[in-house]
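What follows is the residue order along each chain.
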Amino acid sequence: MEQEFSEEERELLIEKIEAWGADFVSSDYFSPLSEEQKENASFVIQSFSDYMYSYQGVTPSDWNPSDLEEVCVEILPRKISAEADFYRSVTPVLLAFFAFLQTKGEIENANELCKRLSAIDAQMQASANDPRSWGPAKGFMMQALAAGVDPADRNQMNQFMAKYNESLMQSRDRSRSSALESYRWPVATPMRNEKKIGRNQFCPCQSGKKYKKCCGSQSSDISVSS
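Not measured: the values here are computed from a predicted model. Every residue gets a number counted from 1 within its own chain, in the order that chain's sequence is written. The model is predicted, so local features are restricted to residues of pLDDT at least 70 and side-chain atom pairs to those at 80 or more, both for listing and for counting; the totals for chains, interfaces and linings are taken over all residues. The basis for the side-chain values is all heavy atoms of the structure; hydrogens and waters are excluded.

Caption draft 1: A look at the packing of helix H1 (residues 7–25) against helix H2 (residues 35–54). Only C-alpha atoms enter the line fits that serve as axes; for helices the fit covers just the stretch in contact. Angles between N-to-C directions range over 0 to 180 degrees. Numbering of helices and strands runs from the N terminus; a helix is a DSSP stretch of H or I covering at least four residues, while a strand is a stretch of E covering at least two. Where H1 meets H2, the axes come as close as 10 Å, and the angle between the chain directions of the two elements is 150 degrees. When the interaxial angle is binned, H1 and H2 end up roughly antiparallel. Where H1 crosses over H2, the handedness of that crossing is right-handed. From H1, Glu 9, Arg 10, Leu 13, Ile 17, Glu 18 and Phe 24 reach across to H2, where they touch Ile 45, Gln 46, Ser 49, Asp 50 and Tyr 53. Each residue receives one of three labels: charged for Asp, Glu, Lys and Arg, nonpolar for Ala, Val, Leu, Ile, Met, Phe, Trp, Tyr, Cys and Pro, and polar for the others, Gly being one of them. Per-class residue counts for the contact of H1 with H2 are five nonpolar, two polar and four charged. Our angle categories are set so that under 35 degrees counts as roughly parallel, over 145 as roughly antiparallel, 65 to 115 as roughly perpendicular, and the remainder as oblique. Handedness of each helix crossing follows the sense of rotation of the near helix against the far helix: counterclockwise by less than a right angle gives left-handed, clockwise gives right-handed. Only heavy atoms matter for contacts: two residues are in contact if any of them lie within 4.5 Å across the pair.

What follows is the structure in structure tokens.
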């Protein structure tokens, strides 16, 4: 659940993270990362830090394994529309960043954070690749990227959005049609508008005999309309 937060405090946090990120890039903790991880490092750190605050309500001094797991396994995969290389970079980048922050005295539980992050890495990758974990905005964006649409091109995005909305409407119409076809409509039961003939009544064949001594002696199912 998204937490209430101060926009002013969030801005200050972003500035602090950016300053830490600049120092991190110049540190010995950054250099062992691969080129792919280095390229994604800034976005990984900023996204993680922002969501830890805006969704979990915690600043770096209060980062903890439980909130870390929720952000990495649920929120990042749901919100961040990025290719697989971004999610491959999350764990190695944050492991290095946590170790860096501990040497600066900014956090004291780097080992706990690193241990939990390593344990959930596979789960995060799976969630990020599973469309069922995506939010609506990410689902739309991932389909646009898969279709070769350039998110920076407004005309391409508008055209894709029109086709996407049309596809949704057609899918809903098909679902409604299928539901109507499969629905078992109730069948009306005919009402019986007949009266049973009493055994001591005169027989309807007009023989003048009682029913029990006439037609009623041959069948018990004869009935007459009222």
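Caption draft 2: The arrangement of the environment of Leu 33 in detail. With respect to the helices, strands and loops of the structure, Leu 33 is situated in the loop between H1 and H2. Buried, partly exposed and exposed residues are distinguished by accessible area as a fraction of the type maximum, computed with a 1.4 Å probe on protein chains only: under 20%, between the cut-offs, and over 50%, respectively. According to the relative accessible area criterion, Leu 33 is buried, its value standing at 10%. Counting along the chain gives 59 residues from Leu 33 to Pro 92, while the straight-line C-alpha distance between them is 7.4 Å. For Leu 33, the contacting residues outside a window of four places in its chain are Phe 24, Lys 38, Pro 92, Val 93 and Ala 96.

Caption draft 3: Spatial organisation of helix H5 (residues 110–129). What a helix should span is 1.5 Å times the count of its residues minus one. Given a rise of 1.5 Å per residue, 20 residues ought to cover 28 Å, and the 27 Å separating the end C-alpha atoms of H5 matches this to within 8%. Across the chain, bend at a residue is computed as the angle between axes fitted to the seven residues ending at that point and the seven starting from it. Taken as a whole, H5 carries its principal kink of about 50 degrees at Ile 120. Inspection of H5 places Ala 110, Leu 113, Cys 114, Leu 117, Ile 120, Met 124, Gln 125, Ser 127 and Ala 128 among the buried residues, and these make up the whole buried set. The inward-facing, buried residues of H5 contact helix H3 (65–79), helix H4 (84–103) and helix H6 (136–146).

Caption draft 4: Broad picture of the packing of aromatic side chains. Centre distance within 6.5 Å is the pairing criterion for rings of Phe, Tyr and Trp, where only the six-membered ring of Trp is used; planes under 30 degrees apart are then read as stacked, over 60 as edge-to-face, and the remainder as tilted. With the rule as written, the count across this model stands at eleven aromatic pairs. With centroids separated by 6.3 Å and ring planes inclined at 25 degrees, the aromatic side chains of Phe 97 and Phe 100 adopt a geometry described as stacked. A residue pair is termed a helical-turn pair when its members lie 3 or 4 positions apart in one helix, as Phe 97 and Phe 100 do in helix H4 at three residues. The residues Phe 97 and Phe 100 share a single accessibility class, namely buried. Taken together, the aromatic side chains of Phe 24, Tyr 29, Phe 30, Phe 97 and Phe 100 make up a single cluster linked through ring pairs.

Caption draft 5: A look at the pattern of salt bridges. A pair is scored as a salt bridge if a Lys or Arg side-chain nitrogen falls within 4 Å of a carboxyl oxygen belonging to Asp or Glu. Considering all chains together, one arrives at eight salt bridges under this definition. Salt-bridge contacts for Arg 10 lead to Asp 50; the nearest nitrogen and oxygen are separated by 2.8 Å. Pair noted here: Arg 10 is in helix H1 and Asp 50 is in helix H2, with a separation of 40 residues, a long-range link. With respect to class, Arg 10 is no different from Asp 50; both count as buried. Put simply, Arg 88 and Glu 36 hold a salt bridge, and the shortest N to O gap is 2.8 Å.

Geometric descriptors of this kind do not, in isolation, establish any biological role.
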